[in-house]
Amino acid sequence: MAFCFISDLHLQDDRPEITKAFVSFIENTATKAERLYVLGDFFEAWIGDDDETDLTLLVKKTLLELSTSTDIYAMHGNRDFLIGSNFAEKAGLILIDDPKKEEMFGNSVLLMHGDLLCTDDVDYQSFRATTRNSSWRKEFLSKPISERKAIAKELRAISKEATGRKKEDIMDVSENEVSRVMEEFSVDLLIHGHTHRPDTHIMNFKGVTSKRIVLGDWDKFGWFIWMDTNSCELKKFPIS
Ligand code: MN
């Protein structure tokens, strides 16, 4: 028995090599796991389940096929937080909350996308709170697709500009927030993505050793975590 975790693929029409790597990862690796967790930013952008493209159709087909052998769970990221129940149903996956605590192979594990841990980025946290509000969401999704595309493009430009101005460490997780959530949920392992800083951090607080594994964004390499009874490891493979 094994569980597999990925995040930050940022799937988009402009990067067919990432989509290709995703499909072959699903066919060759994810099918060997009992569960696949996608921890956010699966897509570069998402303006609603009704915006169907060749890419979304391919992803739905690929995941639906996987769902016959593997349970699929997906969490929203900051780019694709508008993924809804229609997509979930057609892809054969279950949407899960962020954060989500799970017991896995005798360990208490907390799963997050990771953006909630970046508490030093006050502007972003306020933007997040606004856009995750159900009335904002409802109003946005009621607009025509073309208008939604234009708004998303504008929001992306604003975010890019803001990101360029921010200091590097503001966009990383806050160590205090990491300790706080791990204590709040009493877990010894935290798995997240978002920061694009793949690594395994061993921490020691209050005499207890704990671990934080950060998934990487798919670019030159694809990243995943493979967890079974004996191990929990961050792995990568080249994308050509
Ligand atoms: Mn993200």
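A brief report on the enclosed structure follows.

Here is what the cut-offs are and how they apply
- Residues numbered from 1 in each chain as written.
- Predicted model: local features only at pLDDT ≥ 70, side-chain atom pairs only at ≥ 80, totals over all residues.
- Heavy atoms only, no water.
- Donors = N, O, S within 2.8 Å, 3.2 Å for Na, K, Ca; no water.
- Helix = DSSP H or I, 4+ residues; strand = E, 2+ residues; numbered from the N terminus.
- Buried < 20%, exposed > 50% of the residue type's maximum accessible area, 1.4 Å probe, protein only.
- Pairing = 2+ DSSP bridges.
- Axes fitted to C-alpha atoms, helices over the stretch in contact; angles between N-to-C directions.
- Contact = heavy atoms within 4.5 Å.

With respect to the coordination of the manganese ion
Here is step 1 of the chain: Donor atoms from the polypeptide that bind the manganese ion are Asp41 (OD), Asn78 (OD1), His113 (NE2) and His194 (ND1), placed at 2.0 to 2.3 Å.
Here is step 2 of the chain: Of note, the donors binding the manganese ion are all from one chain and are spaced D-x36-N-x34-H-x80-H. On the criterion of sequence distance, the pair formed by asparagine 78 in the loop between β3 (71-75) and α3 (85-91) and histidine 194 in the loop between β7 (189-192) and β8 (199-205) is long-range, its members being 116 residues apart. Across the pair, histidine 194 and asparagine 78 agree in class, each one buried.

As for the sheet that holds β3
Here is step 1 of the chain: The strand order across the open sheet built from 6 strands is β4-β3-β2-β1-β10-β11, with neighbouring strands paired in mixed fashion. Edge positions in the sheet fall to β4 (93-96) and β11 (232-238), since each has one partner strand and no second. When the angles between neighbouring strand axes are averaged without regard to direction, this sheet yields 25 degrees.
Here is step 2 of the chain: Strand direction decides the pairing type here: strand β2 (residues 35-39) and β3, joined by 5 bridges, are parallel. Looking at β3, one finds that leucine 39 is bridged to methionine 75.

A closer look at the sheet that holds β7
Sheets are built from strands paired through backbone hydrogen bonds, the pairs being either parallel or antiparallel.
Here is step 1 of the chain: Across the sheet, 5 strands lie side by side as β5-β6-β7-β9-β8; this open sheet has mixed pairing. The two strands at the open ends of the sheet, each matched to only one other strand, are β5 (100-104) and β8. Ignoring which end each strand starts from, the neighbouring axes of this sheet average 25 degrees apart.
Here is step 2 of the chain: Pairing analysis gives 4 bridges linking β7 to strand β9 (residues 208-214), with the strands arranged parallel. In the strand pairing of β9, leucine 190 is matched with arginine 212.
Here is step 3 of the chain: Here helix α7 (residues 175-184) sits on the sheet and contacts β6 (107-111), β7, β8 and β9; the angle it forms with β8, its principal contact strand, is near 70 degrees.

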